[in-house]
Amino acid sequence: MTQLILFNVFNGLIIGAFYALMALGLSLILNLSGVINFAHGGFLAIGAYVAYTLMPHVGFWGALILAPLITGAIGLVVEPVLIRRMYGRDPLYSLLLTFGLAFILEDATRYVWGPETLPFSVPAWLTTPLSSEFFFLTGYRLLMVFVVVATVGALFAILRKTRVGIRIRAGTNDLETVSALGVNVRVLRTLNFAIGIYLAGLAGVLAAGMLGLQPTIGSTLIMPSFVAIIVGGLGSLPGTLLGGLLIGVASGVTTVFFPSATEAVMYIMMGLVLLIRPRGLLGEEGRLQ
Amino acid sequence: MNATLKEHWQNALVWALLLTMPYWMNAVGGYTELASRVVILGLAAMALNFLLGFTGVLSFGHAAYFGLGAYAAGMMIKYVYPSTPLAILTGLAVGAVAAMIVGALIIKRRGVYFAMVTIAFGQVFYFIAFRWNNVTGGDDGLTGWKRQAIDLGFTKLQILEHDKVYYYVVLAVFAAAVGIMAALIRSPFGRTLIAIRENERRARFLGIPVDRHIWISFVVSGSFAAVAGTLYALLQNFTDPRALRWDQSGNFVIMAVLGGMRSFWGPLIGAAIFVVLQDYVSSRTENWMSFIGMFFVLVVLFFPRGVLGILKRKGTA
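Residues numbered from 1 in each chain as written. Chains lettered and ligands numbered in written order. Predicted model: local features only at pLDDT ≥ 70, side-chain atom pairs only at ≥ 80, totals over all residues.

### Notes on the overall build of chain B
In step 1: When you go through chain B residue by residue, the secondary structure sums to 14 helices and 2 strands.
In step 2: With respect to the principal axes defined by its C-alpha atoms, chain B has extents near 55 × 50 × 45 Å.
In step 3: Taking all 317 residues of chain B together, 51% fall into the buried category. (Helix = DSSP H or I, 4+ residues; strand = E, 2+ residues; numbered from the N terminus. Buried ≥ 20, exposed ≤ 12 C-beta atoms within 10 Å, placed from the backbone.)

### Some details on the overall build of chain A
In step 1: A count of helices and strands for chain A gives 11 helices and 0 strands.
In step 2: Starting at the N terminus, the α and β elements of chain A follow one another as α-α-α-α-α-α-α-α-α-α-α.
In step 3: Scaling as 2.2 N^0.38, a compact globule of 289 residues should have a C-alpha radius of gyration of about 19 Å, and chain A matches this with 19 Å.
In step 4: For chain A, the spread of C-alpha atoms along the principal axes amounts to about 60 × 50 × 35 Å. (Rg over C-alpha atoms; globule rule 2.2 N^0.38 Å.)

### Quick look at the interface of chain B and chain A
In step 1: Listed per partner, the contact involves 36 residues of chain B and 35 residues of chain A.
In step 2: Elements with a minimum of two residues in the side of chain B that touches chain A: helix 4 (84-106), helix 5 (111-131), helix 11 (246-259) and helix 13 (288-302) of chain B.
In step 3: If you tally residues by element for the side of chain B that touches chain A, the top one is helix 5 of chain B, at 14 residues.
In step 4: Across the side of chain B that touches chain A, the residue classes break down as 26 nonpolar, 6 polar and 4 charged. (Contact = placed C-beta atoms within 7 Å. Nonpolar A, V, L, I, M, F, W, Y, C, P; charged D, E, K, R; others polar.)

### Some words on the environment of I254 of chain B
In step 1: Mapped onto the fold, I254 of chain B is located in helix 11.
In step 2: Overall, I254 of chain B belongs to the buried group, with 24 C-beta atoms counted inside 10 Å.
In step 3: The sequence separation of I254 of chain B and R109 of chain B amounts to 145 residues, and the corresponding C-alpha distance is 22 Å.
In step 4: Look past the residues within four positions of I254 of chain B in its chain and what remains in contact with it is L96 of chain A together with F274, F296 and V299 of chain B.

### Observations concerning unusual backbone geometry
Residue and element names in this part refer to chain B.
In step 1: The backbone of N237 shows a phi angle near 55 degrees, a positive value even though the residue is not glycine.
In step 2: One can find N237 in the loop between helix 10 (210-236) and helix 11.
In step 3: Look at N237 and you get partly exposed, because 15 C-beta atoms sit within 10 Å.

### Topic: helix 6 (residues 163-173) of chain A
All names here are of chain A.
In step 1: Listing the buried residues of helix 6 in full gives R167, I168, G171 and T172. With its buried residues spanning 140 degrees around the axis, helix 6 presents them on a single face. Exposed side chains of helix 6 directed beyond 90 degrees from the buried face belong to R163 and N173.
In step 2: Among the structural elements, helix 1 (2-33), helix 5 (139-161), helix 7 (175-180) and helix 8 (185-211) are those in contact with the buried residues of helix 6. (Arc of directions from axis to C-beta.)

### Let's talk about the nonpolar core
In step 1: Of all hydrophobic cores here, the largest spans 198 residues; its most connected members are F18 of chain A together with A228 of chain B.
In step 2: By residue number, the principal contributor to this core is helix 5 of chain B, which donates 16 residues.
In step 3: Setting aside its immediate chain neighbours within four residues, F18 of chain A contacts M144, V148, A203, L206 and A207 of chain A. (Core = buried A, V, L, I, M, F, W, Y, C linked by C-beta atoms within 7 Å.)

### Quick notes on the confidence of the model for chain A
In step 1: When pLDDT is averaged across chain A, the result is 87; 96% of the residues are at 70 or more.
In step 2: The secondary structure element of chain A with the lowest average pLDDT is helix 4 (residues 124-127) of chain A, at 74, and the one with the highest is helix 2 (residues 40-81) of chain A, at 92. (pLDDT = per-residue confidence, 0-100.)

### Details of the packing of helix 6 of chain A against helix 8 of chain A
Residue and element names in this part refer to chain A.
In step 1: Relative to each other, helix 6 and helix 8 sit at 100 degrees, their axes nearing to 11 Å. Our classification of the angle between helix 6 and helix 8 gives roughly perpendicular. Residue-level inspection shows V164, R167, I168 and G171 of helix 6 in contact with helix 8, the latter providing V185, L188, L191 and N192.
In step 2: For the contact of helix 6 with helix 8, a count of residues per class yields 5 nonpolar, 2 polar and 1 charged. (Axes fitted to C-alpha atoms, helices over the stretch in contact; angles between N-to-C directions. Parallel < 35°, antiparallel > 145°, perpendicular 65-115°, else oblique.)

### Digging into helix 1 of chain A
For the α-helix, the turn length of 3.6 residues means that residues three or four positions removed from each other point alike.
In step 1: For helix 1 of chain A, built from 32 residues, the straight-helix expectation of 46 Å at 1.5 Å per residue is met to within 8% by its first-to-last C-alpha distance of 45 Å.
In step 2: Once helix 1 of chain A finishes, G34 of chain A follows within two positions and takes phi at roughly 65 degrees, a positive value. (Expected span 1.5 Å × (residues − 1).)

### Examining the environment of F10 of chain A
In step 1: Here F10 of chain A is to be found in helix 1.
In step 2: When the C-alpha positions of F10 of chain A and R141 of chain A are compared, they lie 9.5 Å apart, and in sequence the two are 131 residues distant.

### Considerations on the environment of V39 of chain B
Residue and element names in this part refer to chain B.
In step 1: You can see V39 is positioned in helix 2 (residues 32-52).
In step 2: In this structure V39 comes out as buried when scored by C-beta crowding, with 25 C-beta atoms within 10 Å.
In step 3: Between the C-alpha atoms of V39 and M21, which are 18 residues apart in sequence, the distance is 9.9 Å.
In step 4: In contact with V39, not counting residues within four places along its chain, are L18, V170, L171 and F174.

### Remarks on the confidence of the model for chain B
Residue and element names in this part refer to chain B.
In step 1: Mean pLDDT for chain B: 88, with 98% of residues reaching 70 or above.
In step 2: Taking the mean pLDDT of every element in chain B, the minimum, 71, falls on helix 14 (residues 306-316) and the maximum, 94, on helix 10.
In step 3: Confidence metrics for the complex model read pTM 0.89 and ipTM 0.86.

Okay, here's the thing in structure tokens:
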């Protein structure tokens, strides 16, 4: 029993880390541009499928590095062409636009790669359990944790230490002032969007190794990221990270006792948070009401 | 022409078209079920627009209430008592209660935050319907029930056998719902909602309990969306979790925007365009999702005011 719970806590942490990775990208875009990117799941799927296509040529590790970069590059194009036009308008329109984009991306992946589940082969030594006692500890799972920790660490370091990162954080607080100080806000927002999409692409590659490849992979994974952001508190990146981990562990543990409530428990948590602490766990009052 | 007279003409035209729809629908390449679908989804979009267009609050999760209504109607007939009016009333009650609870949790949020929370809450019911196999039928949907003939005392409406009879039952429910919403909008309560839409801070300073007004508007909106859901389930004698999913919510919003959020009939026009287009595209190509997605993008980029918004602008220019 202890082993079973331990297994599911660990499993939940991995899933949660993964939700957090996706939610952090969403949060970045939402904080700086005020856009809820419904198409985030679509970009995740693109990342996963691009990795699948690249793998025969560059191997697993090459795909893990290249596919998110390519996805991010797509974000670099999509932002100026479509998303930028939504800034300053009612959030209704950006929601509808990214909603349509999500449809297009999902259908495009289905058109290009087919509707069937495709196998995503990770190196064999990564899939074998590390010890028979901890059968759930495969190398791949550890790799996921490592990649997420490294990426999140790098992201937070960039936001704290580099000029671009500091500008992004400043822009989150007061974009107008940042613009008045001579920062090119247009470029900043494009870059920020691309970073968010890069994270989606990375999440896609990692998810593919665990869940296999399906065109609907994005739309099934996007809702938990929304919940993660709300639980953690809108406008707070550490909050998003915490929210992702919490709902991951909660649904992991629920799987043991009450498997059919695996998804519902996330929403119960969200309801509780909204009831007791409406701004979210680490959210600041008054921001992004 | 003065404004009220113009309004009367518009209303007369809409009702004339709706009342005769089953008779000309076939001539223009449609069928009676499609006509019913236009009216039902039109009701859902108008219910959403009560909140979106007349209160200025963006809900992106109305499929939850639509779907709850659908399941409530189906379960009533299947498990409890086979009566069509009872099924519709049950759906209304279930939708209203759900909207009251969810509304109370989210009412203090605004804008993007509100939209996001409604999206997330919309999914709760989807997962319940999806997971609770032995009651809801899970992914396969709720089957094994049919809409029942309505006994009026002097005559029986055979809505199961005759599509057209069911269409007019749908239209009657639609008329009642739309009539109540129109009366609400014209009442002091409705004017207050519009004041909140235009300037929430000012409304608050005037001493209007803004949150409570938005909550009531949310409940009204959710309840009528649920009524539309019951009619939809009864139309198909079936419902499945897709009625509750987030893409359905998006469809309602695009219908409202496409027709024109600021006008009363706009969402109905949007629903008509959307339903016919979806029917046509999905019968022609497997990649209908791309077309619908493209349609969303084009509407946002080029028709953000909707059909009626454009007509109105031309009229005043």
